[in-house]
Amino acid sequence: DDGVQNKHYMTCVNETGDAKPCQMNTGDEYVECVDGCSLQRCEDEDSQRDCSVLGDEEKASCQANIKWCKSYEIKKVEDDVPRGFIPLSYYCLDSRGLPTQEPGTVLEFL
């Protein structure tokens, strides 16, 4: 039933499934958007290629292979100040269908 599962959407839960405050501890990793998570070329070889130096046919193929990734940095909490967060309800998948944060490997954003 969707209503039962909705209690877990955009919230944090403890071991028993009850809601709890979403807080990070020192050393926890988090994602911080850069420039509003604007799009940039992914870091894979095809996306970094300079298509402008190629002929028309090659250029079109080159441009079709460019992948775009959101700009972000993975950071760590470095102090003891309590930090809340909003749980990530979306995730990225690689070519094997597994969740990933590795730059240049994201194929789908769900």
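Source: prediction; values computed, not measured.

Per the secondary structure count, the protein chain includes three helices and ten strands. If you list the helices and strands of the protein chain from N to C, you get α-β-β-β-β-β-α-α-β-β-β-β-β. Relative to its 110 residues, the protein chain shows a buried fraction of 18%. Residue pairs in contact within the protein chain that sit at least 24 positions apart in sequence constitute 58% of those at least 6 positions apart.

Averaged over all residues, the pLDDT of the protein chain equals 76, while 67% of them reach at least 70. When pLDDT is averaged over each helix and strand of the protein chain, the minimum, 50, is found for helix 1 (residues 2–6) and the maximum, 92, for helix 3 (residues 56–64).

We now examine a nonpolar patch on the surface. Together, Val31, Tyr72 and Ile74 make up a nonpolar patch on the protein surface, roughly 240 Å² of accessible area in all. Relative to the elements of secondary structure, Val31 occurs in strand 4 (residues 29–33). Residue Val31 is classed as partly exposed on the basis of its relative accessible area of 45%.

Moving on to the pattern of salt bridges. Should the charged atoms of two oppositely charged side chains come close, the side chains can pair. Applying the stated criterion across every chain yields a total of three salt bridges. Its salt-bridge partner being Glu32, residue Lys75 comes within 3.0 Å of it at the nearest N-O pair. Of this pair, Lys75 sits in strand 7 (residues 72–76) while Glu32 sits in strand 4; the two residues are 43 residues apart in sequence, bridging distant segments of the chain. Among the salt bridges present, the one from Lys75 reaches Glu73, with a minimum N-O distance of 3.6 Å. Assessed through its relative accessible area of 27%, Lys75 is described here as partly exposed.

Here the focus is the environment of Cys22. Looking at where Cys22 falls in the secondary structure, it is placed in the loop between strand 2 (19–20) and strand 3 (23–24). Residue Cys22 is classed as buried on the basis of its relative accessible area, which comes to 15%. Between the C-alpha atoms of Cys22 and Arg83, which are 61 residues apart in sequence, the distance is 8.3 Å.

Our next topic: the side chain of Ser47. Relative to the helices and strands, Ser47 resides in helix 2 (residues 45–48). A polar contact is formed between the side chain of Ser47 and the side chain of Asp44, at a distance of 2.7 Å.

Reading guide: rules and limits
Residues numbered from 1 in each chain as written. Predicted model: local features only at pLDDT ≥ 70, side-chain atom pairs only at ≥ 80, totals over all residues. Heavy atoms only, no water. Helix = DSSP H or I, 4+ residues; strand = E, 2+ residues; numbered from the N terminus. Buried < 20%, exposed > 50% of the residue type's maximum accessible area, 1.4 Å probe, protein only. Contact = heavy atoms within 4.5 Å. pLDDT = per-residue confidence, 0-100. Patch = residues over 30% accessible without salt bridge, like charges linked within 9 Å, V, L, I, M, F, W, Y side chains within 5 Å. Areas by Shrake-Rupley, 256 points an atom, 1.4 Å probe, with all protein chains shown as cover. Salt bridge = Lys/Arg side-chain N within 4 Å of Asp/Glu carboxyl O. Polar contact = N/O pair within 3.5 Å; in protein donor to acceptor, adjacent residues only side chain to side chain.

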